[in-house]
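The chain contents come next:
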Amino acid sequence: MTQPDVTVVTAVYNTMPDLTTCLTSLVEQTIGLDRLEVVAVDDGSTDGSAEELDRFAARYPGTVKVLHQPNSGGPAAPSNRGLEHATGRYVFFIGSDDHLGPEALERMVAAADRWGSDVLLGRLVGVNKRYVHQAIFASTQPEVDLFASALPFALSNTKLFRRELVEKYGLRFPEDMPVGSDQPFTLEACLRAGRISVLADYDYYYAVKRANSGNITYRSTHLARLGCVERIVAFVAEHIEPGERRDAVLLRHFTWEIAKLVQDDFLSLDRKTQEQVREGVGRLAREHLTEGIRGKLPVTARVRIGVAAYGTLADLVAVLRQDVRHGLPQTVLRDDGWFARYRGFGDGRCGLSDDWYEITTPISRWLARLEAVAVRWAVDGSGERTVRVTARGPRPDLAEMAGGAITVSAGRTAGTVDSIEADPLGATVNMSFRARDLLTGLKPGGERRVVKVTITRDGDKGSTPVRGPQPSMVQRSFHREGGQLFVITSSTNRKGDLMLVVFPVTLRRMMSGLRRRLPLGGKKQP
């Protein structure tokens with residue numbers, strides 16, 4: 001039997017019915033069955049996946065090999081076992097809930113042979129809103145550098161590896177890592193590789209988010225993910241000398257895995273777990289967060305990680321609650337810098353100097369952060385009734401920084417930016433929404449529509465709700481369109497966002513309002 005060009009290894013645990021799609025996409029590859037080997041390792045499945053694997057093995061006996069084993073608790077052990085049985089010149093790993101484009105393997109093997117690639121990436125796309133970082137797939141590149149590209153943000157093992165490289169260095173997945181075990185494998189392969197290549201001319205790999213979010217990365221706990229990222233960071237520190245090269249890789253882990261440990265869902269954890277996560281994140285920051293990495297982090301992640309490292313649990317919870325309850329905080333202009341007014345800014349209460357709070361990354365979303373100071377009814381130049389919103393921002397140069405690319409909306413309804421007026425203390429933005437437009441597509445029971453400002457600057461697009469007036473001021477007006485009467489009200493929701501509430505006036509709604517105002521018996525109390 002001739003050596004296959006590529007062995008596809010898949011670790012399988014309870015992924016029906018997506019498993020059928022996966023296997024079908026493999027046996028139907030245009031590379032042909034004679035050049036393909038599939039090694040599928042069933043890791044103790046109980047949902048029929050084992051039987052489905054056996055069905056494919058019986059139908060494609062020269063191509064599909066199936067191994068069964070008790071559940072190991074993660075994909076590392078079955079992936080290693082699959083590697084032990086691989087015979088192809090290249091090896092490719094696929095999640096058993098994902099699938100390939102029909103020409104994927106033929107295109108990748110041909111490119112790797114042409115360029116002499118040891119590691120080759122084919123463009124991944126997400127399915128069912130699964131997020132896949134796309135920067136590395138901006139263009140096809142015969143050779144990319146691990147430290148001078150977006151490759152650190154694409155360290156999954158869903159790549160083509162030259163098997164000679166894998167065996168020469170004994171690359172295997174750490175079996176004591178239930179989550180993230182592919183990253184040390186992939187990272188070492190990239191460090192050892194003579195050439196790493198990227199194909200961006202075709203949708204090679206479809207990464208599927210299961211309907212029940214059953215992917216292991218979605219159902220793992222905070223503590224499990226903390227333990228894994230600690231292992232990954234230690235691996236990076238062991239294999240890469242301190243400096244810009246190490247920072248280029250660790251930036252990914254602070255931006256992604258570490259920052260995700262202190263996202264909004266941190267607030268739902270019990271206090272003991274919160275403290276364990278805070279201590280772990282803080283330790284990683286104190287040991288590995290350099291000035292070079294810190295300056296490239298988005299300010300929200302930077303402040304949360306910094307507070308975890310140098311503040312208390314109460315400080316971290318307060319910062320998170322600010323974002324959950326109120327969205328982006330106010331901004332402060334100081335010495336030509338722009339700072340987020342999180343807890344601890346200006347007073348060092350959380351153990352952080354003010355430069356931790358400086359907004360240094362793309363700022364369109366922060367530019368769009370405006371606070372309403374007035375909402376009133378007006379009539380535009382064509383005689384149309386409008387809701388006019390006046391809002392303030394802290395930057396006098398708002399119009400210049402936004403480059404005129406400012407749009408406003410209330411739910412699905414587009415509004416108009418009437419003027420932007422600068423003064424020494426900031427900028428005033430006047431926007432308006434035609435009453436007629438607010439009624440378009442209105443649901444029968446009415447709708448609450450959050451007012452948002454969107455700014456596009458240097459290719460960066462940011463959208464943020466307008467903060468409602470404080471204290472909240474309710475403005476209500478009746479508007480007749482045809483034979484129907486509507487009420488349009490401005491209000492502020494629980495997060496402090498400005499809303500325009502629109503609903504039709506009906507007899508049932510009027511009677512309900514009267515019942516709320518009158519006591520039983522129908523007579524108004526004196």
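Structure first, text after, so check above.
This report concerns the structure included in the present document. (Residues numbered from 1 in each chain as written. Predicted model: local features only at pLDDT ≥ 70, side-chain atom pairs only at ≥ 80, totals over all residues. Heavy atoms only, no water.)

## Comments concerning the side chain of D315
No. 1: Mapped onto the fold, D315 is located in helix 13 (residues 313-326).
No. 2: Owing to a relative accessible area of 6%, D315 belongs among the buried residues under this scheme.
No. 3: Apart from the residues within four sequence positions on either side, D315 is in contact with V307, R343, R349 and C350. (Helix = DSSP H or I, 4+ residues; strand = E, 2+ residues; numbered from the N terminus. Buried < 20%, exposed > 50% of the residue type's maximum accessible area, 1.4 Å probe, protein only. Contact = heavy atoms within 4.5 Å.)

## Describing the layout of surface pockets
No. 1: Here the second largest pocket is characterised by a volume of approximately 740 Å³.
No. 2: Every residue lining the second largest pocket is counted, 30 residues in all, and those nearest its centre are P298, T300, A301, L328 and R365.
No. 3: Residue assignment for the lining of the second largest pocket shows that the elements contributing at least two residues are helix 9 (244-260), helix 12 (299-310), helix 13, helix 14 (364-367) and strand 20 (460-465).
No. 4: Tallying contributions element by element places strand 20 first for the lining of the second largest pocket, with 6 residues. (1 Å grid on protein atoms, 1.4 Å probe; cavity = no way out; pocket = protein on both sides within 12 Å on 5 of 7 lines; lining within 4 Å. Points joined across faces, edges and corners; volume = space filled by probe spheres on them.)

## Description of the sheet that holds strand 14 (residues 385-393)
No. 1: Strand order in the open sheet formed by 4 strands is 13-14-18-17, with antiparallel pairing between adjacent strands. Where the open sheet ends on each side, the last strands, each with one partner, are strand 13 (371-379) and strand 17 (416-423). Each strand of the sheet is rotated relative to its neighbour by a mean of 20°, with strand direction disregarded.
No. 2: Relative to strand 14, strand 13 is paired through 8 bridges, and the arrangement is antiparallel. Across the sheet, the residue bridging to A372 is A391, located in strand 14. (Pairing = 2+ DSSP bridges. Axes fitted to C-alpha atoms, helices over the stretch in contact; angles between N-to-C directions.)

## Brief notes about the nonpolar core
No. 1: Membership of the largest hydrophobic core comes to 146 residues, with the highest contact counts inside it found for F92, I305 and M431.
No. 2: M431 has contacts with L370, V387, R388, V389, A391, V408, T416, V417, D418, V451 and V453, leaving out every residue within four places of it along the chain. (Core = buried A, V, L, I, M, F, W, Y, C linked by side-chain atoms within 4.5 Å.)

## Structural notes on the sheet that holds strand 1 (residues 6-12)
Two pairing modes exist for strands in a sheet, parallel and antiparallel, and in both the strands are linked by backbone hydrogen bonds.
No. 1: Within the open sheet, the 7 strands sit side by side as 3-2-1-4-8-6-9. Their pairing is mixed. Single-partner strands in this sheet number two, and they are strand 3 (64-69) and strand 9 (196-199). Recorded for the sheet is a direction-independent mean angle of 20° between the axes of neighbouring strands.
No. 2: Across 3 bridges, strand 4 (residues 90-93) lies against strand 8 (residues 160-162) in antiparallel orientation. Counterpart to Y90 in the pairing with strand 8 is R162.
No. 3: Along the sheet, helix 4 (residues 104-115) contacts strand 1, strand 2 (36-43), strand 4, strand 6 (119-122), strand 8 and strand 9; its crossing angle with strand 9, the most-contacted strand, is approximately 140°.

## A few points about unusual backbone geometry
No. 1: Each neighbour pair has its own omega, and for M16 with P17 the value is 0°, a cis peptide bond.
No. 2: Here P17 lies in the loop between strand 1 and helix 1 (18-27).
No. 3: Unusually for a residue other than glycine, N14 sits at a positive phi of about 50°.
No. 4: Its place among the elements puts N14 in the loop between strand 1 and helix 1.
No. 5: One non-glycine residue, N128, adopts positive backbone phi at about 60°.
No. 6: Mapped onto the elements, N128 comes out in the loop between strand 7 (124-127) and strand 8.

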